[in-house]
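Overview (structure and organization)
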Amino acid sequence: MATPLVLHVIILTGGASRRMGTDKAALVWDGLRAVDRVAALARDLGATRILTAGEGDYGLEWVRDPEPFSGPVAGVLAGLAALVGQPGRVLVLAVDAPTLTPADLAPLLAAPSPGAAFAGLPLPMVIDPAAIPTDARGDWPLRRLVERAGLAELAADPATQDRLRGANTPEERDRLLREPGAPQMPRLQAPDA
């Protein structure tokens with residue numbers, strides 16, 4: 001009998017949300033904050049431990065980003081530091097992709113060691129912590145981390161690409177809300193310039 005997969009989830013919440021005009025983690029999607037929708041997805045996937053990495057405390061286990069606003073790799077490294085010594089793989093999710101489904105992530109979770117990301121979309125990713133290069137820095141681009149960790153780059157189903165990419169602007173959020181089966185909620189107005 002196969003040993004069940006131990007999965008930990010890091011939700012990156014450290015972005016400045018300038019293009020959205022409001023905190024993306026706290027943005028309400030169908031009655032739930034984005035961070036809570038992503039955490040619910042993690043629970044649906046059977047995550048053993050779920051934590052957020054960033055500057056805000058959203059009521060979940062939280063690690064502070066040691067290099068605020070330096071980029072998502074700093075959040076990944078902070079989350080991994082909190083998981084040191086714990087067996088299992090780590091799924092890294094962006095808080096701005098709250099419409100992802102377990103089916104969207106199935107190819108990543110099925111990927112062999114050391115893990116995978118989708119080609120051209122470094123988040124979400126699944127990674128074995130031992131694959132993190134010892135010289136990894138918080139200011140690296142995510143693509144460098146994917147490459148240096150030796151993660152497989154999987155083809156994404158075109159039907160899932162918008163959900164995988166998430167929403168960084170009110171327009172992108174509106175587009176996600178127009179997808180079949182999307183949560184029904186009011187549209188955001190673009191922030192005044």
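Before reading on, note that the structure itself is shown above.
Residues numbered from 1 in each chain as written. Predicted model: local features only at pLDDT ≥ 70, side-chain atom pairs only at ≥ 80, totals over all residues. Heavy atoms only, no water.

1. Re the pattern of salt bridges
Here is the rule: The salt bridge criterion pairs a side-chain nitrogen of Lys or Arg with a carboxyl oxygen of Asp or Glu, the two atoms within 4 Å. Note on conventions: DSSP H or I runs of at least 4 residues are helices, E runs of at least 2 residues are strands, and numbering of each starts at the N terminus. Using a 1.4 Å probe on the protein chains alone, a residue whose accessible area is under 20% of its type maximum counts as buried, one over 50% counts as exposed, and one in between counts as partly exposed.
Tallied over the entire structure, the rule returns 10 salt bridges. With its nearest N and O atoms 2.3 Å apart, the salt bridge here joins E61 to R49. Residue E61 is located in strand β5 (residues 61–64), and its partner R49 is located in strand β4 (residues 49–54); the two are separated by 12 residues in the primary sequence. Residue classification places E61 among the partly exposed positions, given a relative accessible area of 33%. One salt bridge connects R64 with E55, and the closest N-O pair in it is separated by 3.7 Å.

2. Considering the environment of D96
Put simply, the test is: What makes two residues a contact is simply this: any of their non-hydrogen atoms within 4.5 Å. Whenever two N or O atoms come within 3.5 Å, that pair is a polar contact, provided that in protein one can donate a hydrogen and the other can accept it, and provided that, for residues adjacent in sequence, both atoms are side-chain atoms.
Its place among the elements puts D96 in the loop between β6 (89–94) and α3 (102–110). The sequence separation of D96 and A25 amounts to 71 residues, and the corresponding C-alpha distance is 6.9 Å. Excluding residues that lie within four positions of it along the chain, D96 makes contacts with K24, R165, G166, A167 and N168. Engagement of the side chain of D96 in a polar contact is seen with the side chain of K24, the distance being 3.1 Å.

3. Some remarks on helix α2 (residues 72–82)
Restricting attention to buried positions, one finds in α2 the residues V73, A74, G75, V76, A78, G79 and L80. Looking at the buried side of α2, the elements it contacts are β1 (7–12), β4, β5, β6 and α4 (142–148).

4. With respect to the sheet that holds β4
Stated formally: Here, a strand pair is defined by DSSP locating no fewer than two bridges between the strands. Here an angle of 0 to 180 degrees is reported between the N-to-C directions of two axes, which are lines fitted to C-alpha atoms, with helices fitted over the stretch in contact.
One open sheet accounts for 7 strands, arranged β5-β4-β1-β6-β8-β7-β9; its pairing is mixed. Taken across any chain shown, the strands that pair with only one partner, and hence form the sheet edges, are β5 and β9 (152–154). Strand-to-strand twist of the sheet, defined as the mean angle between neighbouring strand axes without regard to direction, takes the value 25°. As defined by bridge partners, strand β7 (residues 115–118) adjoins strand β8 (residues 121–127) across 4 bridges and the pair is classed as antiparallel. Bridging across to β8, A117 finds its partner in M125. Packing of α2 onto the sheet brings it into contact with β1, β4, β5 and β6, and relative to β1 it is tilted by some 145°.

5. What about the pairing of β8?
The element β8 is largely enclosed, with a buried count of 7 among its 7 residues. Pairing geometry for β6 and β8, over 3 bridges, is antiparallel. Residue pairing in the sheet places V90 in a bridge with I127 of β8. What sits between β7 and β8 in their antiparallel hairpin is a turn of 2 residues, with G120 showing a positive phi close to 80°.

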